[in-house]
Each structure stands twice: as C-alpha cells, then as structure tokens.
Amino acid sequence: MTTRLDIRQLGLDTGKKARLYRLLHQHGLRNGTALFLPYDQGFEHGPRDFFANPAASDPRYIVRLAIEGGFNGVVLQIGLAEKFYWDYAGEVPLVLKLNGKTDIPPADEALSPVQATVADAVRLGADAVGYTLYVGTPVQERDFAQYRQVRTDAERFGMPLIVWAYPRGSAVAGKGGADSFYAVDYAARVASELGADVVKVNFPHPEKKAGTPAQYTAEFSPQQAIEQVVCSANRTLVLVSGGEKAGDEAMLEKARQSLEAGATGLIFGRNVWQREHDESLRFVARLQEILAKYPSA
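Definitions and limits used
- Residues numbered from 1 in each chain as written.
- Predicted model: local features only at pLDDT ≥ 70, side-chain atom pairs only at ≥ 80, totals over all residues.
- Heavy atoms only, no water.
- Axes fitted to C-alpha atoms, helices over the stretch in contact; angles between N-to-C directions.
- Helix = DSSP H or I, 4+ residues; strand = E, 2+ residues; numbered from the N terminus.
- Parallel < 35°, antiparallel > 145°, perpendicular 65-115°, else oblique.
- Left-handed = near helix turned anticlockwise from the far one by under 90°.
- Contact = heavy atoms within 4.5 Å.
- Nonpolar A, V, L, I, M, F, W, Y, C, P; charged D, E, K, R; others polar.
- Salt bridge = Lys/Arg side-chain N within 4 Å of Asp/Glu carboxyl O.
- Buried < 20%, exposed > 50% of the residue type's maximum accessible area, 1.4 Å probe, protein only.
- Phe/Tyr/Trp six-rings, centres within 6.5 Å; stacked < 30°, edge-to-face > 60°.
- Lys NZ or Arg CZ within 6 Å of the ring centre and 35° of its normal.

Chemist: I keep staring at the packing of helix H9 (residues 248-260) against helix H11 (residues 277-291) and nothing clicks. Help me out?
Modeler: The description of two packed helices rests on the angle between their axes and on the distance between the axes. Between H9 and H11, whose axes approach to 9 Å, the crossing angle comes to 25°. With respect to H11, the axis of H9 lies roughly parallel. Here H9 runs over H11; the crossing is right-handed. Residues Asp-248, Glu-249, Met-251, Leu-252, Ala-255, Arg-256 and Leu-259 of H9 touch H11, and the partners they reach there are Phe-283, Arg-286, Leu-287, Ile-290 and Leu-291. Looking at the contact of H9 with H11 residue by residue, the class counts come to 8 nonpolar, no polar and 4 charged.

Chemist: Help me out: how do you make sense of the pattern of salt bridges in this one?
Modeler: Two side chains that carry opposite charge are able to pair once their charged atoms sit near each other. For the structure on display, the rule yields 17 salt bridges. One salt bridge in this structure joins Asp-6 and Arg-8, with 2.7 Å as the shortest N-O distance. Here Asp-40 ties to Lys-97 by a salt bridge, and the two come within 3.4 Å at their closest N and O atoms. Taken together, the residues Asp-40 in the loop between strand E1 (34-38) and helix H2 (41-44) and Lys-97 in strand E3 (residues 94-97) connect sequence positions 57 residues apart. Taking relative accessible area as the criterion, Lys-97 reaches 0% and is therefore assigned buried. The network of salt bridges with common partners includes Lys-16, Glu-155 and Asp-197.

Chemist: Is there a simple way to explain the packing of aromatic side chains in this structure?
Modeler: To describe a pair of aromatic rings, you give the distance between the ring centres and the angle between the ring planes. A complete count under the given rule lists 8 aromatic pairs for this structure. The rings of Phe-181, Tyr-182, Tyr-186, Tyr-216 and Phe-220 are connected pair by pair, giving a single aromatic cluster. Seen from the ring of Trp-164, Lys-97 lies directly overhead, with NZ or CZ sitting 4.8 Å from the centre. Above the face of the Phe-283 ring, Arg-275 is positioned so that its terminal group lies 3.9 Å from the ring centre.

This is the structure we're talking about:
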C-alpha cells in the first residue's frame, strides 16, 4: 500500500489547513479519507442525468443525501448554493464550483467559464472551491489565465482549491483519449505544478495506447497506472472520479485500487444519486467500508 499524504505534509497556510482539516477529519469517516458528492452535472450534462432517478433533480434531495450518507462535502454551483445550501449550512461542508460549461458545443476548444468567485465561497461558508482545468485544450492560455486569478484569490482567502483536471481538446482524442493513462497522468502533474491543493482525476485506462508517447505503450496494470497518477500529483491530494454510472463491483474495485495507490478519496456523483434513495445509501456504505481500511497516518 502506498503511503497516503497527510495535510500536515502540504505546507499549507492556516486557513487552508483549518478548512481541509474540517473536511477530512471532522466529516465523513473522520480518518483523513474523503468521499464527496458532486452535483454540477445538471449544468455540465443537462437534466438527462436525472432521468434514472427523478428525485435527484431536486437539490434538497441531494444535500439531504450527502448528510444521511456521511459525505465529506457536497459540490454545488453558485445558483444552487445560494438557493438551497443555507437550509443545511454547517451540517455538511460545501465545495463551491467556480466554473462550468454546457456540453452543447463541441469540446475541440474546451473552456469552462468562471461564474463565481472565492469571495462568494467565503460568503456562503464553503470549505473549498472547485475549478475545472481542461488540460490540452487549444485555448489553454485563457484557461490558465482564469485559473491563475482563482488560485491567487484562494491563497488570499485561505481557501483550499480542488482542480478538476480533465484532458480535453481537439488533440486529446488522437493521443489515447481523455481517460488514457497518458492523459490522466499528465493532467495530475499539471494540476500539481499549477498549485492545486487537491486534484480530481478520472481513473486511468492503460489499455488506451493509440497515439500516446512511447513510455505509455508498455504493459501497465490498472493498479500500476493509478499509482503513477498519484505519484505525479506528488504533494497534491488526489480524488478519483466515479464518472458515468457503472456496475457496483467495477466501481468498488476502482475505489479499492485508488485508495491502495495512495489517493485521499473519491468523488462519486452519478454512481450514487442515479439510484433509488435506499440503494444509494447501501452503495455509499460499501464505499465507506473501503475508505475505513485506508486512514491517513
């Protein structure tokens, strides 16, 4: 098992350290691991994501599910945070997502515009902010400029910054795809080098090799791939995304491999709330059984 980072190793200022401590040690399993419930998909994908479980279209249902399930935090965009989070403020931590886009235009020149600020996060009582960074987009100069302002503000306010590091853009498909080992590994490294406190990545697929650099065409197991991704993130905490809803055993194995590799935790949305309420909680309990086996030192 890879040694898991502890927040005391990250060189954080007082504000960031205090907020991360609350997230990882005063919520969830309180053992330094994390399970976050993201709810920005209605913006990113549209209402189709709620068809499998119509109750999930109600933000109040999601926040209550995060509380009942013992999540470390819930991720909301600015509008939902302002309209719904105040009913539950203090019961479950808020991660305010600062940017986002629809999936209507093609992703050839992907850019996620900023709709909220770190100051908004402070006003709403958030314990972290999230920013989607499209690694590999042809418009990376604009993306990096947006991100630089967010990072500067996060430092000024002592707010932990979680980067959704997603490979996107016209060149990505020809180099193994967005969830290839090469692309995910590169994204984790970029987020770390650009100052993310936490990085959210997809689970890497080492079998996707077409067009990737020679170093990634060797044979790697999924376990070896996720271990390398965590290594590339170095002193940036890693959260592994659930992605599209899949079978329970596949998701649980992804969780186990991620924690075994040294990831701090998981950020599962659709795989949780696209189920009926009680089934969601049963699945969350199984995820937490895995998290309980990997406390931080």
